[in-house]
Amino acid sequence: MNNLKSRIQNQESKIGIIGLGYVGLPLSIRFSQENFKVVGFDVDKEKVEILNSGNSYIKHIKEDDISAMSNNGFTASTDFSQISNIDVIIICVPTTLGVHNEPDLSYIYGTLENIKPYLKENQLIILESTTYPGTTEEILVPYINSIENSQSLIVNKKFSIGENFFIGYSPEREDPGNKNYTTQTIPKVVSGVTQNCLELTKELYDHIIDQTVLVSSPKVAEMTKIMENIYRAVNIGLVNELKMVADKMDIDIYEVINAAATKPFGFTPYYPGPGLGGHCIPIDPYYLTWKAREIGMNTRFIELAGEINTLMPNYVVEKVGEALNSASKALKGSKILVLGLAYKKNVDDTRESPSLRIMELLLKKGADVQYSDPYLPLAPKTRKFNFDLKSVELTKKNIEAFDLVLLSTDHDAFNYDFINKEARIIVDTRGVFKKQDKVFRAWV
């Protein structure tokens, strides 16, 4: 342990980051900025080639940061045999859901299989992927303990966690596109399987994060991340339900929220939307509900919020139909322009984006659907959706050609005054046009 700790303290340790996505790539940049030697691993050859050429494939991550990282020795690779030269392994792979909303840890298991032959004494593995409480101790620890001599580079010796091999858990807290908080300035929760594991994990992140927050076990850290996301999911579900009630009562929910937000205590404003997107909030609560059922408990509150948020795209489509009916038009055959494919504004991230589900529902009802998104010139192919579409330029002629414009993602790049002037009907899911007369009043 002392040798590894010394290497981390002196910034001589080599960092291997597995998964070069929205979490792993900013983390790689941050370690490189502090002069650690970083190797990034990913199974996607295209990503690896883009990064090794000094370019960025994520819109909000600057190419200057990628170039600077490359100039500081960063390389990306699909070759996991390089793990044998790594001191610290950080796993940042996706954790998804199965068809019945059960945890799918296949990416974690796949990563462990890829690195197993190359693990050696005095390495530190840290899991950053969001998962249910108990994953680190129930999956990573038994997996490492089960590795035989023939499967590792250790000769005549098995791994002893906390003595010659170390495991930590530190949940990611990335917020893509947020200019107020960065990887460095967002406090980092850290934990370890043993006290030595915790000490090494803290030592590592103290080099790149302004504030580390120590907790007593990986279970606590895992539960912390789940709680953060459930807190948001439940509050968004609440305000989405209140929005539907307010709509029936002809009350502007945005005016209500903004008025309530003037209370200096006991209230945090959340705003309605077309549904939940991103990799965390639509998925992570189900990890806890699954784990709760395993121990004989039902999380009815969490599941109800998930049900409300999941059905919001259907509600939006209903409102689109109502808006068209108000102009004596049928949904079937109408031309509809969806503004924004990304799940949140000012990013190119479409993971679990409600815009994609809304488009699918509109197409099934016979609408002619197009989209406009300055961050996504081509509609990306995802596991669930594959629209062969290009982003529509927001010219006067193009906007006038649509029967209805649906604002799904409120990018700052959109010229809302121009859109309001040229569009025939606007359905607004974000409250941007709420004071404009031509906007369909049942804001969704």
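Above: the structure in question.
On a predicted model such as this, the values are computed, not experimentally measured, just so you know. (Residues numbered from 1 in each chain as written. Predicted model: local features only at pLDDT ≥ 70, side-chain atom pairs only at ≥ 80, totals over all residues. Heavy atoms only, no water.)

Chemist: Can you help me understand the side chain of N309 in this one?
Modeler: Assignment of secondary structure puts N309 in helix α11 (residues 300–310). At 3.0 Å, the side chain of N309 forms a polar contact with the backbone oxygen of A233. Not counting residues up to four positions away in its chain, the partners in contact with N309 are A233, I236, G237, N240, G275 and L276. (Helix = DSSP H or I, 4+ residues; strand = E, 2+ residues; numbered from the N terminus. Polar contact = N/O pair within 3.5 Å; in protein donor to acceptor, adjacent residues only side chain to side chain. Contact = heavy atoms within 4.5 Å.)

Chemist: For this particular structure, what's the right way to read the pattern of salt bridges?
Modeler: Proximity of charged atoms lets side chains of opposite charge pair with each other. Under the counting rule described, the total for this entry stands at 22 salt bridges. For K202, the salt bridge identified is with D206, shortest N-O distance 2.6 Å. Here K202 and its partner D206 are both found in helix α7 (residues 195–206), four residues apart, which amounts to about one turn of the helix. For K202, a relative accessible area of 28% gives the class partly exposed. For D206, a relative accessible area of 34% gives the class partly exposed. Here K291 and E294 are joined by a salt bridge, their closest N and O atoms 2.7 Å apart. In this pair, K291 and E294 both sit in helix α10 (residues 284–294), three residues apart, roughly one turn of the helix. (Salt bridge = Lys/Arg side-chain N within 4 Å of Asp/Glu carboxyl O. Buried < 20%, exposed > 50% of the residue type's maximum accessible area, 1.4 Å probe, protein only.)

Chemist: When you look at the layout of surface pockets in this model, what are you seeing that I'm missing?
Modeler: In this approach, a probe sized like a water molecule rolls over the atoms, and the result shows the empty space that is left. One number sums up the size of the second largest pocket: a volume of about 630 Å³. Along the wall of the second largest pocket there are 22 residues; nearest its centre are H60, I61, N178, Y181 and T182. Per-element tally for the lining of the second largest pocket: the top contributor is helix α2 (residues 24–33), with four residues. When the residues that make up the lining of the second largest pocket are grouped by side-chain class, the tally is seven nonpolar, eight polar and seven charged. (1 Å grid on protein atoms, 1.4 Å probe; cavity = no way out; pocket = protein on both sides within 12 Å on 5 of 7 lines; lining within 4 Å. Points joined across faces, edges and corners; volume = space filled by probe spheres on them. Nonpolar A, V, L, I, M, F, W, Y, C, P; charged D, E, K, R; others polar.)

It is worth stressing that arrangement in space is one thing and function is another; only the former is reported here.
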